[in-house]
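Secondary and tertiary structure notes
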Amino acid sequence: MPHVHESVRSPVTSPDVAAALADGRGVVALESTLLAHGLPAPQNRAAAEELEAAVRAHGAVPATVAVLDGVPRVGLSAAELDRVCAGGLDKLSVRDLGVAVGLGGDGATTVAATAALARAAGVQVFATGGLGGVHRGARDSWDVSADLAALAGTGIVVVCSGVKSILDVAATLEVLETESVPVLGYRTDAFPGFYRRDSGHPVPWRVDEPAQVAAIWRAHRGLGSASGLVLAQPVPVADELDGALHDRLLAGGLTLLAERGVTGKDVTPALLEHFHAGSGGASLATNLALVKANAGLAAQVAVELAR
Ligand code: PSU
Ligand code: MN
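Residues numbered from 1 in each chain as written. Chains lettered and ligands numbered in written order. Predicted model: local features only at pLDDT ≥ 70, side-chain atom pairs only at ≥ 80, totals over all residues.

Time to look at the packing of helix 3 (residues 43–57) against helix 13 (residues 282–306). The interhelical angle for the contact between helix 3 and helix 13, taken along N-to-C directions, is 25°, at an axis separation of 7 Å. Classified by the interaxial angle, the pair formed by helix 3 and helix 13 is roughly parallel. Here helix 3 runs over helix 13; the crossing is right-handed. For the pair formed by helix 3 and helix 13, the contact residues are Q43, A47, E50, L51, A54, V55 and A57 on the first element and L284, L288, V291, K292, A295, G296 and A299 on the second. In the contact of helix 3 with helix 13, the residues fall into 10 nonpolar, two polar and two charged. (Axes fitted to C-alpha atoms, helices over the stretch in contact; angles between N-to-C directions. Helix = DSSP H or I, 4+ residues; strand = E, 2+ residues; numbered from the N terminus. Parallel < 35°, antiparallel > 145°, perpendicular 65-115°, else oblique. Left-handed = near helix turned anticlockwise from the far one by under 90°. Contact = placed C-beta atoms within 7 Å. Nonpolar A, V, L, I, M, F, W, Y, C, P; charged D, E, K, R; others polar.)

Dropping the structure here:
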């Protein structure tokens, strides 16, 4: 029988994150599933470093989130980032957090689980690549990411490049509307499609400055809304994935999933891996560029909120 942790009730913050929160300085949460399951090694370890550097470059403190030895952590040391990127970690959504803690295990946290732990630690801003959402064929598979339910109930600003283009974007936007999650486009009128700048759907609202996001967030919370907020920034123009290549890889990836019978939490990592392998690294470069840009923007918003 593995050892049981009875004492862990709330996340443990690293010393620099705890100090920043105590001083009211800007803190940005970063997720670890993106590192452990969305990017290949060894690029994931370099990415972990670059994401934290992008947050610091804009004057905020990075807090990468994971569960290690049964302890939910907000803010990781270099050695802890090594463990996250070394492979073999479970992918933890919100429902898995209690299991990992109770069994004293290790795991990387998804958008949903990262948002929950970050919020519990008092962090208000979080950066990632693409949200999970409603999968194509969800009418039959019922595959709807827990990220959506988490956003509906967790008061945190999530900076992302929209939802992954592998999803049913229209259905995902409908669920965000139903769950009363505000969606803002950052310097864009088009809802971004992760690898592509335009998913083909408009954003409900556009903002052009981090200070506007801070004002909206304060008002949203002040009016009693419990939900999170999506701030969607398109990938930089120079880093966008070619449209024809994107469509070809997506079609191939979806066929592969069906052939192999991939389901549940393996769907997203399998599709991302298919893109990385089939694009000769181009999708990896796109993915890295957009997450880095989101980390920088999230830091600007966190600094505005700390004013
Ligand atoms: N963004 C990325 N790469 C990723 C993810 C987001 O650039 O790997 C992860 C996030 O952790 C998100 C998850 O929560 O994909 C969605 O998984 P699912 O569809 O199984 O909920
Ligand atoms: Mn799913």
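Structure's up, so let's keep going.
Turning our attention to the site of ligand 1. Within the structure, ligand 1 sits among 20 residues, and T33, G38, G129, G132 and S145 are positioned closest to it. Considering every element that reaches the shell around ligand 1, the biggest residue donor is helix 2 (residues 33–38), with four residues. (Near = placed C-beta within 6 Å.)

Our focus in this paragraph is the UniProt feature "binding site: substrate" (unreviewed entry) in the chain. The UniProt record marks K91, V111, S145, A146 and D147 with the feature "binding site: substrate" (unreviewed entry), using the residue numbering of this structure. For the residues just named, distributed over 57 residues, the greatest C-alpha separation is only 13.1 Å, placing them together at one site. Positionally, K91 belongs in strand 5 (residues 90–92). The buried category is assigned to K91, around which 20 C-beta atoms lie within 10 Å. For K91, the residues in contact, after removing those within four places along its chain, are T33, H37, G107, A108, T110 and K265. Following the sequence through the fold, D147 ends up in helix 8 (residues 146–153). Residue class for D147 comes out buried when judged on the 27 C-beta atoms lying within 10 Å of it. Look past the residues within four positions of D147 in its chain and what remains in contact with it is T110, V111, A112, L131, G132 and G133. (UniProt positions renumbered as here; feature names shortened; annotations may be inferred. Buried ≥ 20, exposed ≤ 12 C-beta atoms within 10 Å, placed from the backbone.)

On to the UniProt feature "binding site: Mn(2+)" (unreviewed entry) in the chain. The sites that UniProt annotates as "binding site: Mn(2+)" (unreviewed entry) are D143. D143 gets classed as buried once you count the C-beta atoms within 10 Å, which come to 20. Among all residues touching D143, those that are not within four sequence positions of it are H135, A138 and V267.

Okay, the nonpolar core next. One recurring pattern in soluble globular proteins is that nonpolar side chains are buried together. Judged by nonpolar contacts, the single largest core of 93 residues is most densely connected at V28, F126 and V158. In terms of residue count, the dominant contributor to this core is helix 13 (10 residues). Beyond its immediate sequence surroundings of up to four residues, F126 is in contact with V28, A29, T114, A115, A118, I156, V157, V158 and A298. (Core = buried A, V, L, I, M, F, W, Y, C linked by C-beta atoms within 7 Å.)

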